[in-house]
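# Tertiary structure, described
Residues per chain, in single letters:
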Amino acid sequence: MTPAEQSRLAAEICGLAPVVPVLVIDDIAHARPLAQALVQGGLPALEVTLRTPCALDAIRVMAEVEGGVVGAGTLLTPADVKAAKAAGAKFGVSPGATQRLLDACAEYDLPLLPGAVTASEVMALLEMGYTVQKFFPAEQSGGAAFLKSLGAPIPQVSFCPTGGISLKNARDYLGLKNILCVGGSWVAPKDAMLAGDWAAIVTLAAEARALR
Ligand code: 3PG
């Protein structure tokens, strides 16, 4: 799949809701009720980070939840891409971009949101055809003000910023022309998951959905 096609699909997924939950799943038993709660609250696109031993199994389970569009985050290597695709991920997210990673996404037909922070990184990805990119870590890298400035000379690229974003500052990003959605873990707090308080997560998702 070409970078342009990947970005076209990534834009569709990022357009489903203002927030893509970034999920760190420690217990496979949480996967299904968590996905159900987030979808019920109005957030269909879900990013499962490949940072825990059960992450790929979680993607398999969550991919079955009706209404959900499940992707894999923290993709670092071609092996991650292959495993994510095999688990049923519909999209991939990476904190950065390496040629090996980009080649793997093309080979395995996984729409990727590659990560970029500097103008040169954004331009290098744009040259390849990636017009939708992740901006990470967003708050630490200059936040909404930085992205607004970047949008003046490089309006062709739209972003999904993640890192340090919450209900408090999400609107700063969502008001910008070059932002499709934001990513964040705040909609799936660890304590709520441990307590099995899925109703609380439905509420957090609904609040996030109402951001736009
Ligand atoms: C991540 O990959 O960890 C995301 O950017 C989530 O960051 P957050 O926990 O600050 O929302």
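Everything that follows concerns the structure shown earlier in this document.
Read on for an overview of the structure. Keep in mind that this is a model prediction, so the values were computed, not measured.

The next point concerns the site of the ligand. Taken together, Val22, Arg51, Lys134, Phe136, Thr162, Gly163, Gly164, Gly184 and Ser185 form the complete shell of residues around the ligand. At 2.7 Å, a backbone N or O of Gly164 approaches an oxygen atom of the ligand. With respect to the ligand, the side chain of Ser185 contributes an N or O atom lying 2.5 Å from an oxygen atom. Contact with the protein chains removes 78% of the 310 Å² of surface that the ligand exposes when unbound. For the shell around the ligand, the residue count by class is two nonpolar, five polar and two charged.

Taken as a whole, this structure holds two aromatic pairs when the rule is applied. When the centroid spacing of 5.5 Å and the interplanar angle of 20 degrees are considered together, the rings of Phe135 and Phe146 count as stacked. In this pair, Phe135 sits in strand 6 (residues 132-135) while Phe146 sits in helix 7 (residues 143-151), placing the two residues 11 residues apart along the sequence. Overall, the relative accessible area of 0% leaves Phe135 in the buried class. Here a set of aromatic residues connected by ring pairs shows up, and it is made of Phe135, Phe146 and Phe159. Above the face of the Phe136 ring, Lys134 is positioned so that its terminal group lies 4.7 Å from the ring centre.

This paragraph deals with the environment of Pro33. With respect to the element layout, Pro33 can be found in helix 2 (residues 31-41). Put simply, Pro33 and Leu194 are 161 residues apart on the chain and 12 Å apart in space, counted from C-alpha to C-alpha.

Ranked by size, the top nonpolar core spans 63 residues in total, and within it Leu23, Leu34, Val48, Met62, Val182 and Trp186 carry the most contacts. For Met62, the contacting residues outside a window of four places in its chain are Leu23, Ile25, Ala31, Ala35, Leu46, Val48 and Val70. Core analysis: the next-biggest nonpolar cluster, separate from the first, contains 11 residues, Cys14, Ala45, Val93 and Leu113 among them.

When we look at burial in helix 2, the residues that qualify are Ala31, Leu34, Ala35, Ala37, Leu38 and Gly41. Along the long axis of helix 2, the arc covered by the buried residues comes to 160 degrees, so they all point the same way. Tucked inside the fold, the buried residues of helix 2 contact strand 1 (19-23), strand 2 (45-49), helix 3 (55-62), helix 9 (190-195) and helix 10 (198-209). Following helix 2 by one or two positions, Gly42 adopts a phi angle in the positive range, close to 110 degrees.

A few words now on the packing of helix 4 (residues 78-87) against helix 5 (residues 99-108). When two helices pack together, their arrangement is given by the angle between the helix axes and by the axis-to-axis distance. The contact between helix 4 and helix 5 brings their axes to 8 Å, and the two run at 25 degrees. Judged by the inter-axis angle, helix 4 sits roughly parallel to helix 5. Remark: the crossing between helix 4 and helix 5 carries right-handed chirality. Within the contact between the two elements, helix 4 uses Pro78, Val81, Lys82 and Lys85 and helix 5 uses Arg100, Leu101, Ala104, Cys105 and Tyr108. A class-by-class count of the residues in the contact of helix 4 with helix 5 yields six nonpolar, no polar and three charged.

Rules used throughout
Throughout, residues of each chain are indexed from 1 in the direction in which the sequence is written. Local features in a predicted model are, by the rule used here, given only for residues with pLDDT of at least 70; side-chain atom pairs are given and counted only at 80 or more, and totals for whole chains, interfaces and linings are based on all residues. Only hydrogens and water are removed before side-chain values are computed, so all heavy atoms of the structure are retained for them. The cutoff for a nearby residue is simple: one of its non-hydrogen atoms must lie within 4 Å of the molecule or strand. Here a polar contact is taken to be a pair of N or O atoms separated by no more than 3.5 Å, where protein atoms must pair a possible hydrogen donor with a possible acceptor and residues adjacent in sequence count only if both atoms sit in side chains. With residues, only the protein chains shown are counted as cover, and all accessible areas are computed by Shrake-Rupley using a 1.4 Å probe. Ten residues, namely Ala, Val, Leu, Ile, Met, Phe, Trp, Tyr, Cys and Pro, are considered nonpolar, four, namely Asp, Glu, Lys and Arg, are considered charged, and the remaining ones, Gly among them, are considered polar. Ring pairs are drawn from Phe, Tyr and Trp, using the six-membered ring of Trp, whenever the two centres fall within 6.5 Å, and their geometry is named by plane angle: stacked under 30 degrees, edge-to-face over 60, tilted for the rest. Helix numbering and strand numbering both begin at the N terminus, where a helix is a DSSP run of H or I of at least 4 residues and a strand a DSSP run of E of at least 2. Working definition: with a 1.4 Å probe on protein chains only, accessible area under 20% of the residue-type maximum means buried, over 50% means exposed, and in between means partly exposed. Remark: a charge is flagged as sitting over a ring if the NZ atom of Lys or the CZ atom of Arg is within 6 Å of the ring centre and within 35 degrees of the ring normal. The term nonpolar core refers to a set of buried residues drawn from Ala, Val, Leu, Ile, Met, Phe, Trp, Tyr and Cys, joined through side-chain atoms within 4.5 Å. Residue contacts are defined here by distance: any two heavy atoms, one from each residue, within 4.5 Å place the two residues in contact. Our arc is simply the arc of the directions from the helix axis toward the C-beta atoms. Helix axes are fitted to C-alpha atoms over the stretch in contact, other axes to C-alpha atoms as well, and angles between N-to-C directions run from 0 to 180 degrees. Here roughly perpendicular refers to angles of 65 to 115 degrees, roughly parallel to angles under 35, roughly antiparallel to angles over 145, and oblique to all remaining angles. Handedness of a helix crossing follows the sense of rotation of the near helix relative to the far helix, less than a right angle counterclockwise being left-handed and clockwise being right-handed.

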